[in-house]
Amino acid sequence: MLWGRATDQAVIDGLLDRARAGRSGVLVVGGDPGIGKTSLLTYAGERARDMRVLRGVGVETEAEIPFASLHLLLGHGLDRLDTLPEPQAAALRGAFGLAPVTNRLLVGLAVLSLLAELAEGGPLLCLVDDAQWLDQESAQALRFAAHRLHAESIVIIFAARDGFDPSGLPEHRLSGIDEGSAAALLAHAAPGLAPGTRDRVIEESCGNPLALLELPRTDLPAYDRSPLPLPARIQQAYAVRIAGLPPDAQKALLVTALTDGGDLDVIVRAGRELGITPAALGVAEKSGLVRIDGGRVAFTHPLMRAAAFRHGTYDLRLEVHAILARLLEHQPDRRAWHLAAAATGPDETAALALEQAARRARERDGNAGACAALERAAELTEDHALRAGRLTEAAVAAADAGQAVRAKELVERAAALVTDPRSRARLCDLRARIAFDEGAPHLAHDLLMSGAEELTALAAADAEGSGGQARQDRIAAGLMLTDAARNAWQLGDPARVAEAAERLHELGLRPEDGLDPAVQAVTGAAVLLRQGPAEGLPIMRDMVARGARIASGAHTFRINAAFVAPLVGDFRTGHDISAAMAAECRAAGDIGKLPLVHVTLAAAELYLGRFRDAEATAAEGLRLTSDTGQRNRAGYLEGTLAWLAGVRGEADRCAELAARSRDRFDANHIVNGLAWAEWALALLDLGQGRFAEALDRLDAAVTGPVRHQIQAVYFAPDQIEAAVRLGLPAREPLRRFEEWATASGQDWALAVLHRCRALLETDWERAHEDFGAAVRLHAGSGRPWEAARTRLAFGERLRRERDKGSARPHLRAAWETFERLGARPWAERARTELRATGDTSSPAARTEALPALSPQELQIVRLAAKGLTNREIGAQLFLSPKTVSYHLYRAFPKLNVASRAQLAGLDLS
């Protein structure tokens, strides 16, 4: 029975009722120790007797073992693995140690699919207690799945103290129960309390149910109002109960506290080595401190475990750890941690066992666990060089796990021990990575240059430069210089890019070193920034063409080619490369690579006027940046979404997304996202007729860090239009765009250049020629947004020149394009101009139903039209098959179809 929890129970009941109705739900129940989180989970389990219930728990002693908690939750569902798509099944097998690891990030999708499979027979409830002690890999996989639940009839409830990262999942925090409920609970649990004592317990418990149950068991007349926090007070009460047990029962509790996962067989065998019988464990169970069920022993509350641990003497704890290490020979990871816990000084046996455990964890992508194991191994290592190496490996694992602060601390500890230059260079590389993630790209650049300098000197020390080590040093230096150039590019710093490029050429790399594509990319960037488009674009065009010729694989080179494509204005090729890479990543379940691919794909779709596709891609990419911890990618995608919102006149959304992009720039100094954000806000102003505001914003942008980004070229025509509207000159924006457009040779760019000249031209005949040339060049250029902008400007000028008849077709074409793109302010402007010509007719009836679809519905419908099953669509879009079915059910009426077969006849482009 729960006292004072009617509101909290109603929340749980609502989740379960929605699951019975076919919807899914997630909840993180938070609160202090003893507040009733576990009791609320028990209530949920009792109320879900008609549902399948899976139970999991975070185990404090297993928090460093990758996927340990996930195995506890889903171990009984492994017989359904073969029903999953093979890449997902392989990922789960690897996570559970049943096969080699394939892709850790795919585990989350596999969890989603497995849960959906388990819910096929009816609603499913997953209860995860003590979520603050989930190993990082299990927590990440469960959060990934939880974020994608929708129509599977699945409920996941996490119970967690502070320390669990909900990552945007719905939260419900428990507070103390009211005084009346507290009195009722005390009357039930401790009916003999004197009134004064009862009032004192109610006051000091602060409504914490566990405190209400445990404080009366202490020697109440003796305890005073201790300044200890309530959990510590409760723990003291448990210590009093433990002290009242026979010595053997106390030992049995200590063994239970130190045994990972509460394995009854291991506890009994360890007890025998200590000279105690299983009866001692029975005494502990009768005391109510532990419960024995199904071969497991568990404390009835985590604070009891802490009390039992502290009650045992230091010597006895060491002895128990040593016994457990002997008993767990068949479980090498657990054995390693017990060996380490039994060590009282340097111990290479324990250190080596932990190092091997870390290697196994890394093979399963368990970087957090590997970091902990390597750090402890280093503490047990006497040799300085070996300790430095282990600390360095621990720092690498911490960085891979996204634990930047921990990685930084480990690097500094390693640096104090390192003496050889190669190790120093490696630490420079690692420090640079951490600095970049912490928002210090300038420092990252300098560290990379310093590390590369050390390695270059080592390679040069080999007079011939042909030795195997010399080649490795040369390649490592080249990679660091490439990273340094990439950082400098993202900073918009031409001098730093040029410095890295110069050093890269001086390195004397050879074709067999395999870095030619990287050298070409850095060279092109340096030449573009220092010498201008005429010299830089030919180098970059060649790189894009080479990227387009690669059918598959070569991910790094192709993604660089996709990034370079907008710099030369070749959006079609950039789109084709990115789309092919996205398809490969989806087919392989390579989630970690997708956010960066989405950055290039969303931009290409935007430039090509596929606004709805760009929105869907950017939104999905943004979700994936959160799932994969790639925060630095988010600013690009938020900027892209802000641009789309600005064009559509969605002022609040544009401002919100732009603000988020700016905040990310303030944190990491990556300029690209800021460039998108400033351009987005300027387009919002331009579309609303706020020409002065738009011009001021863009003028300010080109005097700051944005000036070296390609967006500064692309928004030059917007500067020109705003200036013309205000009767101001625009020589610098025209020079900037003309120089780039001429070098690019792209028809659409030359068309926009003609438009800009026409806008600035006072002589109507010359302006008319430029407008006409622009319209002709736009035909088939694949940039409907720019073509409509040109038609609008041409039509406006024709109307002002009193040629209304010639203006109408241009204005109508612009209106229809803006309508199709969802650019409402621009469509309204075109419609107003068209009416001013005397054309008051309505636009042609539109039969297109696609605008009614959400971006995700559009993605799903397109894949379904290709003949993919719900399961195949779910695997590609990281959704469950039931969620795919739900979205199709909603999309069919909007498209006026009744079956998947009819989708094939629709134009879904």
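Report on the accompanying structure. (Residues numbered from 1 in each chain as written. Predicted model: local features only at pLDDT ≥ 70, side-chain atom pairs only at ≥ 80, totals over all residues. Heavy atoms only, no water.)

**Some words on the overall build of the protein**
Turning to step 1, where the next piece is worked out: A count of helices and strands for the protein gives 45 helices and seven strands.
Turning to step 2, where the next piece is worked out: Here the C-alpha radius of gyration of the protein, 33 Å, is about what a compact globule of 909 residues would show, namely 29 Å.
Turning to step 3, where the next piece is worked out: C-alpha extents for the protein along the principal axes are approximately 105 × 75 × 55 Å.
Turning to step 4, where the next piece is worked out: Per-residue burial over the protein gives 56% buried out of 909 residues.
Turning to step 5, where the next piece is worked out: For the protein, the proportion of contacts with a sequence separation of at least 24, taken over those separated by at least 6, is 67%.
Turning to step 6, where the next piece is worked out: Of the accessible surface of the protein, which amounts to about 37,100 Å², a share of 51% is contributed by carbon and sulfur atoms. (Helix = DSSP H or I, 4+ residues; strand = E, 2+ residues; numbered from the N terminus. Rg over C-alpha atoms; globule rule 2.2 N^0.38 Å. Buried < 20%, exposed > 50% of the residue type's maximum accessible area, 1.4 Å probe, protein only. Contact = heavy atoms within 4.5 Å. Areas by Shrake-Rupley, 256 points an atom, 1.4 Å probe, with all protein chains shown as cover.)

**Notes on the environment of Ala95**
Turning to step 1, where the next piece is worked out: Residue position: Ala95 is located in helix α4 (residues 86-95).
Turning to step 2, where the next piece is worked out: You can call Ala95 buried: its relative accessible area is 2%.
Turning to step 3, where the next piece is worked out: With 782 residues separating them along the chain, Ala95 and Leu877 place their C-alpha atoms 22 Å apart.
Turning to step 4, where the next piece is worked out: In this view, Ala95 contacts Pro66, Phe67, Val107 and Arg364; residues no more than four positions away in its chain are not counted.

**Brief notes about the sheet that holds strand β1 (residues 25-30)**
Turning to step 1, where the next piece is worked out: What the five strands build is an open sheet, ordered β2-β3-β4-β1-β5; its pairing is parallel. The open sheet has two edge strands with one neighbour each: β2 (52-57) and β5 (171-173). The mean inter-strand angle of the sheet, taken between neighbouring strand axes irrespective of direction, is 15 degrees.
Turning to step 2, where the next piece is worked out: Here six bridges tie β1 to strand β4 (residues 154-160), and the two strands are oriented parallel to one another. The partner of Gly25 across the bridge, within β4, is Val155.
Turning to step 3, where the next piece is worked out: In the packing of helix α1 (residues 6-20) onto the sheet, contacts are made with β1, β3 (124-129), β4 and β5, and the angle to β1 comes to roughly 160 degrees. (Pairing = 2+ DSSP bridges. Axes fitted to C-alpha atoms, helices over the stretch in contact; angles between N-to-C directions.)

**So, unusual backbone geometry**
Turning to step 1, where the next piece is worked out: Even without glycine at this site, Phe67 takes up a positive phi of about 65 degrees.
Turning to step 2, where the next piece is worked out: By the secondary structure assignment, Phe67 is in the loop between β2 and α3 (68-74).
Turning to step 3, where the next piece is worked out: For Phe67, a relative accessible area of 2% gives the class buried.
Turning to step 4, where the next piece is worked out: Phi is positive for His669, which is not a glycine, with a value near 65 degrees.

**A look at the nonpolar core**
Turning to step 1, where the next piece is worked out: In this structure, Tyr607, Trp643, Tyr714, Phe737, Trp740, Trp785 and Phe818 are the most contacted members of the largest nonpolar core, which totals 124 residues.
Turning to step 2, where the next piece is worked out: Setting aside residues up to four positions removed in sequence, Tyr714 forms contacts with Pro566, Gly569, Phe571, Tyr607, Trp679, Trp740 and Trp748.
Turning to step 3, where the next piece is worked out: One finds Leu54, Leu70, Val107 and Ile577 within the second-largest nonpolar core, a separate group that totals 57 residues. (Core = buried A, V, L, I, M, F, W, Y, C linked by side-chain atoms within 4.5 Å.)

**As for the side chain of Ser744**
Turning to step 1, where the next piece is worked out: By secondary structure assignment, the location of Ser744 is in helix α37 (residues 731-744).
Turning to step 2, where the next piece is worked out: We classify Ser744 as buried; its relative accessible area is 6%.
Turning to step 3, where the next piece is worked out: Residues within four places of Ser744 in sequence aside, it is in contact with Leu537, Arg541, Val568 and Ala749.

**Quick word on the packing of aromatic side chains**
Turning to step 1, where the next piece is worked out: In this structure the tally under the stated criterion is 21 aromatic pairs.
Turning to step 2, where the next piece is worked out: Taken together, a centroid distance of 6.0 Å and an interplanar angle of 75 degrees make the contact between Trp643 and Trp785 edge-to-face. Taken together, the positions of Trp643 in helix α31 (residues 631-648) and Trp785 in helix α40 (residues 784-800) put the pair 142 residues apart, joining distant regions of the chain. Exposure class is identical for Trp643 and Trp785. Each is buried.
Turning to step 3, where the next piece is worked out: For the ring pair Tyr714 and Trp740, a centre distance of 5.3 Å and an interplane angle of 85 degrees mean the geometry is edge-to-face. Taken as a pair, Tyr714 in helix α35 (residues 710-714) and Trp740 in helix α37 lie far apart in primary sequence, 26 residues in all. As far as burial versus exposure is concerned, Tyr714 and Trp740 are alike and both buried.
Turning to step 4, where the next piece is worked out: Seen from the ring of Phe144, Arg148 lies directly overhead, with NZ or CZ sitting 3.8 Å from the centre.
Turning to step 5, where the next piece is worked out: Over the ring of Phe309 we find Arg317, and its NZ or CZ is 4.6 Å from the ring centre. (Phe/Tyr/Trp six-rings, centres within 6.5 Å; stacked < 30°, edge-to-face > 60°. Lys NZ or Arg CZ within 6 Å of the ring centre and 35° of its normal.)

**With respect to the state of the cysteines**
Turning to step 1, where the next piece is worked out: Evaluation of the coordinates by the stated rule reveals zero disulfides.
Turning to step 2, where the next piece is worked out: Its sulfur unpaired, Cys428 is 20 Å from the next cysteine sulfur, which belongs to Cys371. (Disulfide = S-S within 2.5 Å.)

**Quick look at helix α17 (residues 348-363)**
Turning to step 1, where the next piece is worked out: Compared with the 22 Å implied by 1.5 Å per residue over 16 residues, the 22 Å span of α17 between its first and last C-alpha is a close match.
Turning to step 2, where the next piece is worked out: Looking only at α17, the buried set comprises Ala350, Ala351, Ala353, Leu354, Ala357, Ala358 and Ala361. Burial along α17 is one-sided: seen end-on, the buried residues are contained in an arc of 160 degrees.
Turning to step 3, where the next piece is worked out: The secondary structure elements touched by the buried residues of α17 are α16 (332-342), α18 (367-379) and α19 (384-400). (Expected span 1.5 Å × (residues − 1). Arc of directions from axis to C-beta.)

**Let's talk about the pattern of salt bridges**
Turning to step 1, where the next piece is worked out: Tallied over the full model, the rule gives 67 salt bridges.
Turning to step 2, where the next piece is worked out: With a shortest N-O distance of 2.8 Å, Glu273 and Arg326 are connected by a salt bridge. Placement of Glu273 in helix α12 (residues 264-273) and of Arg326 in helix α15 (residues 314-327) is noted, with a sequence separation of 53 residues between them.
Turning to step 3, where the next piece is worked out: Looking at Glu273, the relative accessible area reads 40%, which means it is partly exposed.
Turning to step 4, where the next piece is worked out: The salt bridge partner of Asp446 is Arg496, with a shortest N-O separation of 2.8 Å. Of this pair, Asp446 sits in helix α22 (residues 441-461) while Arg496 is found in helix α24 (residues 494-506), placing the two residues 50 residues apart along the sequence.
Turning to step 5, where the next piece is worked out: Taken together, the shared-partner salt bridges in this structure form one network comprising Asp718, Glu721, Arg725, Arg789, Glu796 and Arg829. (Salt bridge = Lys/Arg side-chain N within 4 Å of Asp/Glu carboxyl O.)

**Some remarks on helix α25 (residues 516-531)**
Turning to step 1, where the next piece is worked out: Across its 16 residues, α25 extends 21 Å between first and last C-alpha, which sits within 8% of the 22 Å expected from 1.5 Å per residue.
Turning to step 2, where the next piece is worked out: The buried fraction of α25 amounts to 12 of the 16 residues, a majority that puts the element mostly inside the structure.
Turning to step 3, where the next piece is worked out: Of all the positions in α25, only Ala518, Val519, Gln520, Ala521, Val522, Thr523, Gly524, Ala525, Ala526, Val527, Leu528 and Leu529 are classed as buried.
Turning to step 4, where the next piece is worked out: Packing partners of the buried residues in α25 comprise α23 (468-491), α24, α26 (533-549) and α27 (555-564).
Turning to step 5, where the next piece is worked out: Looking at the residues trailing α25, positive phi occurs at Gly532, about 105 degrees.

**Observations concerning the side chain of Ser205**
Turning to step 1, where the next piece is worked out: On the secondary structure map, Ser205 appears in helix α8 (residues 195-205).
Turning to step 2, where the next piece is worked out: Exposure remark for Ser205: the relative accessible area of 0% places this residue in the buried category.
Turning to step 3, where the next piece is worked out: Side-chain polar atoms of Ser205 contact the backbone oxygen of Ile202, separated by 3.1 Å. (Polar contact = N/O pair within 3.5 Å; in protein donor to acceptor, adjacent residues only side chain to side chain.)

**Section: the packing of helix α5 (residues 106-118) against helix α6 (residues 136-147)**
Turning to step 1, where the next piece is worked out: Axis separation between α5 and α6 bottoms out at 8 Å; the angle between their running directions is 55 degrees. What the angle tells us is that α5 and α6 run oblique. Crossing hand, α5 versus α6: right-handed. Of the residues in α6, those in contact with Val107, Gly108, Leu109, Val111 and Leu112 of α5 are Ala141, Leu142, Phe144 and Ala145.
Turning to step 2, where the next piece is worked out: Its residues placed into classes, the contact of α5 with α6 shows eight nonpolar, one polar and no charged. (Parallel < 35°, antiparallel > 145°, perpendicular 65-115°, else oblique. Left-handed = near helix turned anticlockwise from the far one by under 90°. Nonpolar A, V, L, I, M, F, W, Y, C, P; charged D, E, K, R; others polar.)

**Some points on the environment of Ile323**
Turning to step 1, where the next piece is worked out: Mapped onto the elements of the fold, Ile323 is located in helix α15.
Turning to step 2, where the next piece is worked out: Overall, Ile323 belongs to the buried group, its relative accessible area being 3%.
Turning to step 3, where the next piece is worked out: Between the C-alpha atoms of Ile323 and Ile860, which are 537 residues apart in sequence, the distance is 56 Å.
Turning to step 4, where the next piece is worked out: Sequence-distant contacts of Ile323, that is, excluding residues within four places in its chain, are made with Ala270, Glu273 and Leu274.

**What to know about the packing of helix α36 (residues 716-725) against helix α38 (residues 747-760)**
Describing two packed helices takes the angle between their axes plus the distance from one axis to the other.
Turning to step 1, where the next piece is worked out: The contact between α36 and α38 brings their axes to 10 Å, and the two run at 15 degrees. With respect to their mutual orientation, α36 and α38 come out roughly parallel. Crossing angle aside, the handedness with which α36 passes α38 is left-handed. Contacts between α36 and α38 involve Pro717, Ile720, Glu721 and Val724 on the former and, on the latter, Val752, Arg755, Cys756, Leu759 and Leu760.

**A word on the pairing of β1**
Turning to step 1, where the next piece is worked out: Extensive coverage of β1 is indicated by the burial of six of its six residues.
Turning to step 2, where the next piece is worked out: Side chains Gly25, Leu27 and Val29 of β1 all project onto a buried face; the interleaved residues Val26, Val28 and Gly30 project onto the opposite face, where all are buried too.
Turning to step 3, where the next piece is worked out: Pairing between β1 and β5: three bridges, direction parallel. Looking at β5, one finds that Val28 is bridged to Glu171.

Without other data, these values stay purely geometric and don't point to any function.
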